[in-house]
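# Commentary on secondary and tertiary structure
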Amino acid sequence: MCGRTACSLGADNLRRACAYRDRRGRQRQPEWIRGGRYRPSYNKGPQSSGPVLLSRRHLQQDADSSERVLMDMRWGLIPSWFKKDDPSKMQFNTSNCRSDTMLKKSSYKGALLKGKRCVVLADGFYEWQRHSGGKQPYFIYFPQTKDAAAEGKEGDEEWRGWRLLTMAGIFDCWEPPAGGEVLYTYTIITVDASKDVSFIHHRHVGAGGMPAILDGDEAIRKWLDFAEVPTQEAIKLIQPTENIVFHPVSTFVNSVRNNAPECLAPIELGAKKEVKATPSSQMMLGWLKNPQEGSPQKKENDVPRWTSQFIHSPSPKKTSADILQQWLGKEGEPAAKKRKA
């Protein structure tokens with residue numbers, strides 16, 4: 001399942017990071033709806049709120065269905081038909097929705113068939129690997145370019161900062177039986193874990209897998225544009241992806257109360273002393289040290305000095321070096337050699 005995420009960009013930079021081209025090919029940034037409620041965080045759990053993309057048509061019937069808006073919604077779907085006066089009285093967990101049952105369970109089926117599809121935004125998400133000594137957390141995210149440590153300038157045509165992870169979700173609107181403000185909530189759709197991360201989290205009976213990740217703007221467009229793309233066509237997008245990278249992080253993230261850059265900073269497993277930085281971990285730490293507008297305050301002392309060669313992976317298919325080389329886009333060249341270049 002996906003039970004913890006990070007989204008540390010400030011509200012303005014989040015808009016810039018979500019830039020897209022509309023049906024006419026014009027470059028657009030989604031408008032914030034109730035943007036003042038959004039709070040960046042390095043450690044988001046269910047029942048907290050987080051940013052999602054959705055079609056403006058859901059809020060304005062005469063709007064172009066390809067136009068996107070940003071909204072802060074609560075994580076954990078409350079179906080519109082829920083009759084109790086307090087959403088906390090929901091007796092089952094709806095933070096994740098399994099792709100193989102989403103058209104069967106009443107909590108999700110109605111909203112999905114009505115086109116209530118959204119994209120959940122995050123820097124990445126956390127997963128825990130069980131081992132004899134307990135659980136080791138990992139941070140999982142899209143491969144980043146060398147520009148990811150920089151935000152760029154407001155006038156830049158293209159966002160050059162961190163590439164956000166875009167996860168397929170379903171949302172719904174619940175109105176208290178006695179009246180009051182409508183509550184918008186969402187669930188993250190999960191699929192079987194991809195081969196790269198299956199050693200961290202295998203799908204077990206009764207448990208979810210990894211988030212259904214929408215890789216690229218065309219997939220995002222089809223998922224959001226419910227007026228043009230019917231449900232049965234849209235759900236074909238719900239597949240595991242191999243286009244992700246990951247690294248171990250400190251158990252500091254285990255407590256959802258901890259909200260600091262240390263949550264997602266790479267560590268060296270089993271290291272007893274400081275290790276030399278690799279290009280990849282330097283990129284991550286550079287991004288962490290770069291002050292983000294609106295983000296939880298980052299201090300130099302908040303960022304761990306230890307870094308990582310990413311992961312000591314028991315996966316038979318892909319080693320940590322392979323993943324690191326994939327991220328840097330230069331296959332076959334040892335990381336140590338790259339540092340000298």
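What you see is a predicted model; the values in this text were computed from it and never measured.

Moving on, we come to the overall build of the protein. Looking only at helices and strands, the protein features 7 helices and 15 strands. Expressed as a percentage of contacts within the protein between residues at least 6 apart in sequence, the contacts between residues at least 24 apart total 69%. Of the roughly 16000 Å² of accessible surface on the protein, a fraction of 48% belongs to carbon and sulfur atoms.

Now for empty space enclosed by the protein. Following the criterion strictly, the structure yields 1 cavity of 30 Å³ or more and no others. Roughly 40 Å³ of internal volume is contained in the largest cavity. Around the largest cavity, the lining residues are L54, S55, S65, S66, E67, R68, R221, L224 and D225. Counting residues per element, the ones that place at least two in the lining of the largest cavity are β6 (49–55) and α3 (217–224). Here the lining of the largest cavity is composed, by residue class, of 2 nonpolar, 3 polar and 4 charged.

Attention shifts here to helix α2 (residues 106–113). Of all the positions in α2, only S107, Y108, A111 and L112 are classed as buried. Take α2 and look down its axis: the buried residues cluster within an arc of 100°, on one side only. Elements in contact with the buried residues of α2: β8 (96–98), β9 (117–122), β12 (165–174), β13 (183–191), α3 and α4 (231–234).

This paragraph deals with the pattern of salt bridges. On inspection of all chains with the given rule, the structure shows 15 salt bridges. The residue R26 makes a salt bridge to D22 at a minimum N-O spacing of 2.8 Å. Its relative accessible area of 42% is what places R26 among the partly exposed residues. Salt-bridge contacts for E67 lead to R28; the nearest nitrogen and oxygen are separated by 3.3 Å. Of this pair, E67 sits in the loop between β6 and β7 (68–75) while R28 sits in strand β3 (residues 27–28), and the two are 39 residues apart along the sequence. Bridged by salt links that share partners, the residues D22, R26, R28, E31, R56 and E67 form one connected network.

On to α3. Those residues of α3 not exposed but buried are A219, I220, W223 and L224. Buried residues of α3, viewed axially, fall in a sector of 125°; they line one side.

Here we take up unusual backbone geometry. With a phi close to 55°, R34 is a non-glycine residue in the positive phi region. Within the element layout of this structure, R34 appears in the loop between β4 (31–33) and β5 (41–44).

Before going further, it helps to examine the sheet that holds strand β10 (residues 124–131). Taken together, the 5 strands give an open sheet; going across it, the order is β5-β1-β10-β11-β15, and neighbouring strands pair in antiparallel fashion. Edge positions in the open sheet fall to β5 and β15 (245–248), since each of these has one partner strand only. Here the strands of the sheet are splayed against their neighbours by 30° on average, with no regard to which way each runs. Here 7 bridges tie β10 to strand β11 (residues 134–141), and the two strands are oriented antiparallel to one another. Its bridge partner lying in β11, F125 is registered against I140.

Moving on, we get to the packing of aromatic side chains. Scanning all chains against the criterion turns up 7 aromatic pairs. With 5.4 Å between their ring centres and 40° between their planes, Y141 and W162 make a pair best called tilted. Placement of the pair is Y141 in strand β11 and W162 in the loop between β11 and β12, with a sequence separation of 21 residues. Judged by relative accessible area, W162 falls into the buried class, the value being 1%. Taken together, Y126, W128, F139, Y141 and W162 form an aromatic cluster joined through their ring pairs. Here the guanidinium or amino end of R163 rests over the ring plane of F142, the centre of that ring lying 3.6 Å away.

A word on the environment of F92. Here F92 is to be found in the loop between β7 and β8. Taking C-alpha positions, F92 is 9.8 Å from G76, a pair spaced 16 residues apart along the chain.

Turning our eyes to something else, we now look at the nonpolar core. Formed by 60 residues in total, the largest nonpolar core has its most connected members in I170, Y186 and W223. Contact partners of Y186, with chain neighbours within four places excluded, come to G50, V52, M73, R74, W75, G76, L77, T94, C118, V120, I170 and F171. W128, F139, Y141 and A148 belong to the second largest nonpolar core, which has 13 residues in total.

Attention now goes to the pairing of β9. Within β9, 6 of the 6 residues are buried, leaving the element largely enclosed by the surrounding structure. On β9, burial covers both faces: R117, V119 and L121 on one face and C118, V120 and A122 on the other are all buried. Here β9 pairs with β12 via 6 bridges, running antiparallel. Across the sheet, C118 pairs through a bridge with G169, a residue of β12.

Parameters at a glance
Residues numbered from 1 in each chain as written. Predicted model: local features only at pLDDT ≥ 70, side-chain atom pairs only at ≥ 80, totals over all residues. Heavy atoms only, no water. Helix = DSSP H or I, 4+ residues; strand = E, 2+ residues; numbered from the N terminus. Contact = heavy atoms within 4.5 Å. Areas by Shrake-Rupley, 256 points an atom, 1.4 Å probe, with all protein chains shown as cover. 1 Å grid on protein atoms, 1.4 Å probe; cavity = no way out; pocket = protein on both sides within 12 Å on 5 of 7 lines; lining within 4 Å. Points joined across faces, edges and corners; volume = space filled by probe spheres on them. Nonpolar A, V, L, I, M, F, W, Y, C, P; charged D, E, K, R; others polar. Buried < 20%, exposed > 50% of the residue type's maximum accessible area, 1.4 Å probe, protein only. Arc of directions from axis to C-beta. Salt bridge = Lys/Arg side-chain N within 4 Å of Asp/Glu carboxyl O. Pairing = 2+ DSSP bridges. Axes fitted to C-alpha atoms, helices over the stretch in contact; angles between N-to-C directions. Phe/Tyr/Trp six-rings, centres within 6.5 Å; stacked < 30°, edge-to-face > 60°. Lys NZ or Arg CZ within 6 Å of the ring centre and 35° of its normal. Core = buried A, V, L, I, M, F, W, Y, C linked by side-chain atoms within 4.5 Å.

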